[in-house]
Amino acid sequence: MTIQRMDHVGIVVSDLEAAVAFFVELGMELEGRAPIEGRWVDRINGLDDVRVDMAMLRTPDGHNKVELTRFRSPAAVSAEPAVAPPNTLGIRNVMFAVDDIDDVIARLRAHGAELVGEVERYEDIYRLCYLRGPEASSSPWPSS
C-alpha cells in the first residue's frame, strides 16, 4: 500500500478569524467552515467532549489544504510537553512558494505576521524566510 496524496496539514489556533484572514491574504482559498463535535471526534482525538470550529483552506492549484481548528472544548494548551496532545497550538512550519516574497511579507505584516529572522537566499535557487503568523508557533515559509 502506498500513500495516495497528502490531504492536508492541521493547525490548532486560538483566533480562527485571524488565522483564516492570514492564510487568505497569503493566497489560499476558503473551502468551508463548520462546527465539529460528537463522539466520533472524541474518539479520533482521544479526548472527551471535543467541540471545535474548523475552517479548511486550499492552495490556488487545489493540490494542498490547511485545516485551521479552534478548540472550544477542551481548551487548547501550549506546545509543551514534548509529546503534545492534539489540541496543542501551532505547527513547526509550512513552506509556500510565492511569486514575490517581499510583497507577501508586506501584506502579511498587516495581519500580524513578523519575520523570525531575516530573508535569506538559499544558494542561487530561491529566497526564503520564517514568518510568525497570528499564532506565535505557526510559521509559514514563503519562498521565491
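Residues numbered from 1 in each chain as written. Predicted model: local features only at pLDDT ≥ 70, side-chain atom pairs only at ≥ 80, totals over all residues. Heavy atoms only, no water.

Draft legend 1. Looking closely at the overall build of the protein chain. What the protein chain contains, in helices and strands, is three helices and ten strands. Of the regular secondary structure in the protein chain, the N- to C-terminal order runs β-α-β-α-β-β-β-α-β-β-β-β-β. Counting every position in the protein chain, which comprises 144 residues, the buried fraction comes to 34%. Within the protein chain, contacts between residues separated by at least 24 positions form 54% of all contacts whose residues are at least 6 apart in sequence. Roughly 8,600 Å² of accessible area belongs to the protein chain as shown, and the carbon and sulfur atoms make up 51% of that amount. (Helix = DSSP H or I, 4+ residues; strand = E, 2+ residues; numbered from the N terminus. Buried < 20%, exposed > 50% of the residue type's maximum accessible area, 1.4 Å probe, protein only. Contact = heavy atoms within 4.5 Å. Areas by Shrake-Rupley, 256 points an atom, 1.4 Å probe, with all protein chains shown as cover.)

Draft legend 2. Quick peek at the confidence of the model for the protein chain. When pLDDT is averaged along the protein chain, the result is 86, and 86% of the positions lie at 70 or above. Here residues 137-141 is modelled with pLDDT under 50, and outside its nearest four sequence neighbours on either side it reaches 29 contacts, counting other chains as well. (pLDDT = per-residue confidence, 0-100.)

Draft legend 3. Main features of unusual backbone geometry. Cis geometry is adopted by the peptide bond preceding Pro-74, which originates at Ser-73 and carries an omega value of -15 degrees. Among the secondary structure elements, Pro-74 is positioned in the loop between strand 4 (65-73) and strand 5 (94-97). Notably, Asp-49 is not glycine yet its phi reads approximately 55 degrees, a positive angle. Here Asp-49 lies in the loop between helix 2 (39-45) and strand 3 (51-58).

Draft legend 4. Representation of the side chain of Thr-69 in the model. Looking at the element boundaries, Thr-69 is found in strand 4. The class of Thr-69 is buried, set by a relative accessible area of 7%. Here the side chain of Thr-69 touches Glu-67 through a polar contact of 3.2 Å, side chain to side chain. Setting aside residues up to four positions removed in sequence, Thr-69 forms contacts with Ile-11, Val-12, Val-13, Val-52, Asp-53 and Met-54. (Polar contact = N/O pair within 3.5 Å; in protein donor to acceptor, adjacent residues only side chain to side chain.)

Draft legend 5. Helix 3 (residues 101-109), seen in detail. Every buried residue belonging to helix 3 is among Ile-101, Val-104, Ile-105 and Leu-108, and all of these are buried. The arc that holds the buried residues of helix 3, viewed along the axis, is 100 degrees, so those residues lie on one side. With a side-chain oxygen lying 3.1 Å from the backbone nitrogen of Asp-102, the N-terminal cap of helix 3 falls on Asp-100. (Arc of directions from axis to C-beta.)

Draft legend 6. Here's a closer look at the nonpolar core. Membership of the largest hydrophobic core comes to 24 residues, with the highest contact counts inside it found for Ile-11, Phe-23, Leu-26, Leu-68, Phe-96 and Leu-108. At six residues, helix 1 (residues 16-26) tops the list of elements feeding residues into this core. Core analysis: the next-biggest nonpolar cluster, separate from the first, contains six residues, Val-41, Val-50, Val-52 and Phe-71 among them. (Core = buried A, V, L, I, M, F, W, Y, C linked by side-chain atoms within 4.5 Å.)

Draft legend 7. Inspection of the environment of Glu-67 at higher detail. Along the chain, Glu-67 falls in strand 4. Placed ten residues apart in sequence, Glu-67 and Leu-57 show a C-alpha to C-alpha distance of 6.4 Å. A distance of 3.2 Å separates polar atoms of two side chains, one belonging to Glu-67 and the other to His-8.

Draft legend 8. Main features of the sheet that holds strand 1 (residues 9-12). Spatially, 1-4-3-2 is the arrangement adopted by the four strands of the open sheet, whose pairing is mixed. A strand with exactly one partner marks an edge of an open sheet, and here the two such strands are strand 1 and strand 2 (29-37). Neighbour to neighbour, the strand axes of the sheet diverge by 20 degrees on average, direction disregarded. Looking at chain direction, strand 2 and strand 3 are connected through eight bridges and run antiparallel. When the sheet's bridge partners are listed, Gly-32 is paired in strand 3 with Met-56. Sitting on the sheet, helix 1 is in contact with strand 1, strand 2, strand 3 and strand 4, with an inclination near 5 degrees to strand 3. (Pairing = 2+ DSSP bridges. Axes fitted to C-alpha atoms, helices over the stretch in contact; angles between N-to-C directions.)

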